[in-house]
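# Observations on chain architecture
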Amino acid sequence: MDVSEPASISSGIAERYATAIFELSKDANSLDKLESNLADLSAALDDSADLRDLISSPVVSRDEQERAITAVADKMGLVPGLKNGLALMAQKRRLFVLPQMVRLLNERIADHKGEVTAEVTSAVKLTDAQSKKLAETLKSTVGKDIKINATVDESLIGGLVVKVGSKMIDTSIRSRLNSLQNAMKEVG
């Protein structure tokens with residue numbers, strides 16, 4: 001048995017829903033609103049354990065899931081394509097792929113806008129000026145507009161870890177200390 005099979009099935013499901021919702025929103029000229037909705041939905045998933053339980057619980061019936069996710073969509077003012085997509089996902093017991101679908105939709109929107117997302121991890125929160133400067137520097141290297149997705153990891157001690165596509169730049173102090181420690185082991 002291939003252990004990656006469930007993951008590939010999930011990503012396939014998320015991909016189909018993301019494609020449909022993206023195309024519907026593009027046809028309705030509501031990609032900007034969809035992008036805003038996705039940021040709100042992602043924040044809600046991060047902040048609400050109840051919402052995470054709703055989308056993944058096998059105990060909640062299809063009808064209850066659909067009513068609840070539709071109420072959430074109404075309350076958040078989601079675009080019709082996304083709201084209807086979420087309701088359909090609930091009917092089909094597919095809400096468990098919602099986090100993957102949100103990520104895929106964000107990637108499609110960024111690609112449509114000619115943007116590249118840079119995953120930036122820093123030891124302290126970046127200021128707006130630092131984020132802007134970093135985006136400009138990366139744009140000159142990559143050649144596309146850069147959208148910064150910043151997170152904080154205090155264990156880095158200092159510096160940054162930047163991932164753009166398949167490239168990673170690690171200038172963190174933690175990484176340098178690990179390199180130094182490995183070099184010392186080789187000498188002694």
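Residues numbered from 1 in each chain as written. Predicted model: local features only at pLDDT ≥ 70, side-chain atom pairs only at ≥ 80, totals over all residues. Heavy atoms only, no water.

## Considerations on unusual backbone geometry
A positive phi angle, near 55°, is found at Asn29, a position not held by glycine. The topology assignment puts Asn29 in the loop between α1 (5–27) and α2 (31–47). Classification of Asn29 by relative accessible area gives exposed; the value is 72%. (Helix = DSSP H or I, 4+ residues; strand = E, 2+ residues; numbered from the N terminus. Buried < 20%, exposed > 50% of the residue type's maximum accessible area, 1.4 Å probe, protein only.)

## Some words on the environment of Thr151
For Thr151, the location among the structural elements is in strand β2 (residues 145–152). The spacing of Thr151 and Thr70 is 81 residues in sequence and 30 Å in space, taken between C-alpha atoms. Not counting residues within four places of it along the chain, the set of residues in contact with Thr151 comprises Val120, Thr121 and Ser122. (Contact = heavy atoms within 4.5 Å.)

## Focus: the pairing of β2
Judged from the eight bridges that link them, strand β1 (residues 115–122) and β2 form a sheet pairing that is parallel. Looking at the pairing, Ala118 lines up with Ile148 of β2. Where the polypeptide runs from β1 across helix α7 (residues 128–142) and back to β2, its parallel neighbour, the crossover connection is right-handed. (Pairing = 2+ DSSP bridges. Right-handed = clockwise from strand over helix to strand, strands pointing away.)

## Re the nonpolar core
Leu34, Leu82, Leu86, Leu98, Met101 and Leu105 are the most contacted members of the largest nonpolar core, which has 31 residues in total. Those elements that place two or more of their residues in this core are α1, α2, α3 (49–56), α4 (62–76), α5 (80–91) and α6 (98–113). The residues touching Leu86, leaving out its near neighbours within four places in the chain, are Leu41, Ile69, Leu78, Leu95, Leu98 and Met101. Formed by ten residues, the second largest nonpolar core is a distinct cluster that contains Ala118, Ala135, Leu138 and Val162. (Core = buried A, V, L, I, M, F, W, Y, C linked by side-chain atoms within 4.5 Å.)

## Some points on α4
Because each turn of an α-helix spans 3.6 residues, side chains separated by three or four positions in sequence point in the same direction. Here α4 contains 15 residues, and its C-alpha end-to-end distance of 21 Å stays within 8% of the 21 Å for a straight helix at 1.5 Å per residue. Taken together, the buried positions of α4 are occupied by Gln65, Ile69 and Ala73. Looking down the long axis of α4, one finds its buried residues gathered within 60° of arc, a one-sided arrangement. For α4, the exposed residues lying more than 90 degrees away from the buried face are Asp63, Arg67 and Lys75. Tucked into the core, α4 has its buried residues touching α3 and α5. Where α4 terminates, the next one or two residues include Gly77, which has phi positive at roughly 70°. (Expected span 1.5 Å × (residues − 1). Arc of directions from axis to C-beta.)

## Focus on the pairing of strand β3 (residues 160–164)
Inspection of the sheet shows β1 paired to β3 by five bridges, in the antiparallel sense. Residue pairing in the sheet places Val120 in a bridge with Val162 of β3. Strand direction decides the pairing type here: β3 and strand β4 (residues 167–170), joined by four bridges, are antiparallel. By the bridge assignment, Lys163 is partnered in β4 with Met168.

## Topic: α2
With 17 residues, α2 extends 24 Å from end C-alpha to end C-alpha; this agrees with the ideal 24 Å at 1.5 Å per step. Residues of α2 that are buried: Leu31, Leu34, Glu35, Asn37, Leu38, Leu41 and Leu45. Around the axis of α2, the buried residues are gathered within 160° of arc, so they sit on the same side. Of the exposed residues in α2, those oriented more than 90 degrees away from the buried face are Asp32, Asp46 and Asp47.

## As for the sheet that holds β2
Read from one edge of the open sheet, four strands run β2-β1-β3-β4, paired in mixed fashion. Strands at the two margins of the open sheet, each flanked by one partner only, are β2 and β4. Between one strand and the next, the sheet's axes are offset by a mean angle of 20°, whatever the strand orientation. Its contacts with the sheet place α7 against β1, β2 and β3, and it is angled at close to 130° to β2. (Axes fitted to C-alpha atoms, helices over the stretch in contact; angles between N-to-C directions.)

## Focus: a nonpolar patch on the surface
Taken together, the side chains of Ile157, Ile173, Leu177, Leu180 and Met184 define a hydrophobic patch exposed on the protein surface, amounting to about 490 Å² of accessible area. Secondary-structure assignment places Met184 in helix α8 (residues 173–187). (Patch = residues over 30% accessible without salt bridge, like charges linked within 9 Å, V, L, I, M, F, W, Y side chains within 5 Å. Areas by Shrake-Rupley, 256 points an atom, 1.4 Å probe, with all protein chains shown as cover. Salt bridge = Lys/Arg side-chain N within 4 Å of Asp/Glu carboxyl O.)

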